[in-house]
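Residue strings, one per chain:
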Amino acid sequence: MDTMSRPGTSSIRDGLVALGLVLGVNALGASPAVFIGSDTGWIDRPWFYPPEIAFPIVWTLLFTLMGVALFLAWRRTRELGSDRRRDLGLALGAFVVQFALNLAWTPVFFGLRRPDLGLVVIGALWIAVVGTLVAFARLDRLAAGLLVPYLGWVSFAFALNYAIYAAG
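- An unreviewed UniProt entry lists the chain under the name TspO and MBR like protein, from Natrialba aegyptia DSM 13077.
- In its Sequence similarities (unreviewed entry) section, UniProt records this for the chain: "Belongs to the TspO/BZRP family."
- As its UniProt record puts it under Subcellular location (unreviewed entry), the chain is described as follows: "Membrane".

Quick word on the layout of surface pockets
Line of reasoning, step 1. The space that makes up the largest pocket amounts to roughly 620 Å³.
Line of reasoning, step 2. Considering the residues around the largest pocket, the lining is formed by 29 residues, among which Phe 55, Trp 59, Trp 105, Thr 106 and Phe 110 are closest to the centre.
Line of reasoning, step 3. Elements represented by at least two residues in the lining of the largest pocket include exactly helix 1 (9-35), helix 2 (54-80), helix 3 (85-111), helix 4 (115-137) and helix 6 (148-167).
Line of reasoning, step 4. Residue contributions to the lining of the largest pocket peak at seven residues, all from helix 6.
Line of reasoning, step 5. Classifying every residue of the lining of the largest pocket by side-chain character gives 20 nonpolar, eight polar and one charged.

Quick notes on the packing of helix 3 against helix 4
Between two packed helices, what matters for the description is the angle formed by their axes and the separation of those axes.
Line of reasoning, step 1. In the contact formed by helix 3 and helix 4, the axes pass within 8 Å of each other and the chain directions differ by 160°. Comparing the axis directions of helix 3 and helix 4 gives the class roughly antiparallel. Regarding helix 3 and helix 4, the two cross each other, and that crossing is left-handed.
Line of reasoning, step 2. In terms of residue class, the contact of helix 3 with helix 4 is built from 20 nonpolar, five polar and no charged.

So, the packing of helix 2 against helix 3
Line of reasoning, step 1. Contact geometry for helix 2 and helix 3: axes closest at 9 Å, N-to-C directions at 165°. Taken together, helix 2 and helix 3 sit at an angle that is classed as roughly antiparallel. Handedness of the crossing formed by helix 2 with helix 3: left-handed. Facing Trp 59, Phe 63, Met 66, Leu 70, Ala 73, Trp 74, Thr 77 and Arg 78 of helix 2, the residues of helix 3 in contact are Arg 85, Leu 88, Leu 92, Phe 95, Gln 98, Phe 99 and Asn 102.
Line of reasoning, step 2. Split by residue class, the contact of helix 2 with helix 3 holds ten nonpolar, three polar and two charged.

What counts as what
Residues numbered from 1 in each chain as written. Predicted model: local features only at pLDDT ≥ 70, side-chain atom pairs only at ≥ 80, totals over all residues. Heavy atoms only, no water. UniProt positions renumbered as here; feature names shortened; annotations may be inferred. 1 Å grid on protein atoms, 1.4 Å probe; cavity = no way out; pocket = protein on both sides within 12 Å on 5 of 7 lines; lining within 4 Å. Points joined across faces, edges and corners; volume = space filled by probe spheres on them. Helix = DSSP H or I, 4+ residues; strand = E, 2+ residues; numbered from the N terminus. Nonpolar A, V, L, I, M, F, W, Y, C, P; charged D, E, K, R; others polar. Axes fitted to C-alpha atoms, helices over the stretch in contact; angles between N-to-C directions. Parallel < 35°, antiparallel > 145°, perpendicular 65-115°, else oblique. Left-handed = near helix turned anticlockwise from the far one by under 90°. Contact = heavy atoms within 4.5 Å.

Below, the structure written as structure tokens:
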């Protein structure tokens, strides 16, 4: 009996894939803040600016939910068969686009200190997150649901970015 047919091997493999995706999304997601930084000393903070500690907590949670959503979409496609590979490709493509925009925002906003360009990036990110949510919903509703808090935070971040831009 090969290792893939032993009871429990598939669930161990799935657990490792899920863990890898969660850790990978968190590591990549945190990298702009690690390498570019997130100095807020230059901005005029609006009244609704959250405490600094909220950002790493919220982003860790959101990146974890994104990793789990990515795993669920991948697993669901495997269960549904090859006729859903196109849906997975679309979902993965949408995920990559929104994640690239997410990664681009920190260097634009904090690195360049350009809230105007940050607003453009985060507006595109918001659209891309909606597209990703819709693409994931075609595969797995729970995966799509796990992206809803992310959409909420990006909406809040858009408002925050706009307030900072307007104050400057």
